[in-house]
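# Architecture and fold: a report
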Amino acid sequence: RRVDGAKFAGIFREGKKEGLGKYADLAGNVFEGTYRNDQLNGKGSRKWPNGGTYVGQWKHNKANGIGTETIPAADGKVDTYTGQFQDDSRHGQGVMTYASGNYYDGEW
């Protein structure tokens, strides 16, 4: 447990997160995956307190590359985006499938 109350289960090397690990902050976000030099890099996931998720590629603690994001709606249904991300944003080619059944397949 860190001084700020966040938790990390995994390996530390020279005081930095390294290798497979799981980090939970006080806001309820959970990050799990491969850490390099204290940051998520490679495959990993994030779960938000509202139940939303991102599973995919990470670079420097941000969603970068190919991934899938689920976004919960108020009625309990889920919108899903699968495609490219850059610096935590949908960017490039991707498909958003809405809980209604509608979808957008194209450039973001």
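What counts, and at which threshold
Residues numbered from 1 in each chain as written. Predicted model: local features only at pLDDT ≥ 70, side-chain atom pairs only at ≥ 80, totals over all residues. Heavy atoms only, no water. Salt bridge = Lys/Arg side-chain N within 4 Å of Asp/Glu carboxyl O. Helix = DSSP H or I, 4+ residues; strand = E, 2+ residues; numbered from the N terminus. Buried < 20%, exposed > 50% of the residue type's maximum accessible area, 1.4 Å probe, protein only. Core = buried A, V, L, I, M, F, W, Y, C linked by side-chain atoms within 4.5 Å. Contact = heavy atoms within 4.5 Å. Pairing = 2+ DSSP bridges.

Tallied over the full model, the rule gives two salt bridges. With its nearest N and O atoms 3.4 Å apart, the salt bridge here joins aspartate 38 to lysine 17. Note that aspartate 38 is positioned in the loop between strand 3 (30–36) and strand 4 (39–47) and lysine 17 in strand 2 (residues 16–24), a separation of 21 residues in sequence. A salt bridge links arginine 90 to glutamate 69; the nearest nitrogen and oxygen atoms lie 3.0 Å apart. On the criterion of sequence distance, the pair formed by arginine 90 in strand 8 (residues 89–97) and glutamate 69 in strand 6 (residues 62–72) is long-range, its members being 21 residues apart. For arginine 90, a relative accessible area of 29% gives the class partly exposed. On the basis of relative accessibility, which here comes to 15%, the residue glutamate 69 falls in the buried class.

With twelve residues, the main nonpolar core is built from Ala6, Phe8, Tyr23, Phe31, Tyr35, Leu40, Tyr54, Trp58, Ala63, Tyr81, Phe85 and Met96. Breaking this core down by element, the ones donating at least two residues are strand 3, strand 5 (53–59) and strand 7 (78–86). With residues near it in sequence (within four places) discarded, alanine 63 still touches Tyr54, Gln57, Trp58, Phe85, Gln86, Asp87 and Asp88.

With that settled, consider the pairing of strand 3. Sheet topology places strand 2 next to strand 3; six bridges connect them, and they run antiparallel. Across the sheet, the residue bridging to glycine 19 is tyrosine 35, located in strand 3. Two strands pair when backbone bridges link them, and strand 3 and strand 4 are joined in this way by six bridges, in the antiparallel orientation. Bridge assignment links arginine 36 to a residue of strand 4, and that residue is glutamine 39. Between the end of strand 3 and the start of strand 4, which pair antiparallel, lie two residues, with asparagine 37 showing a positive phi angle near 55°.

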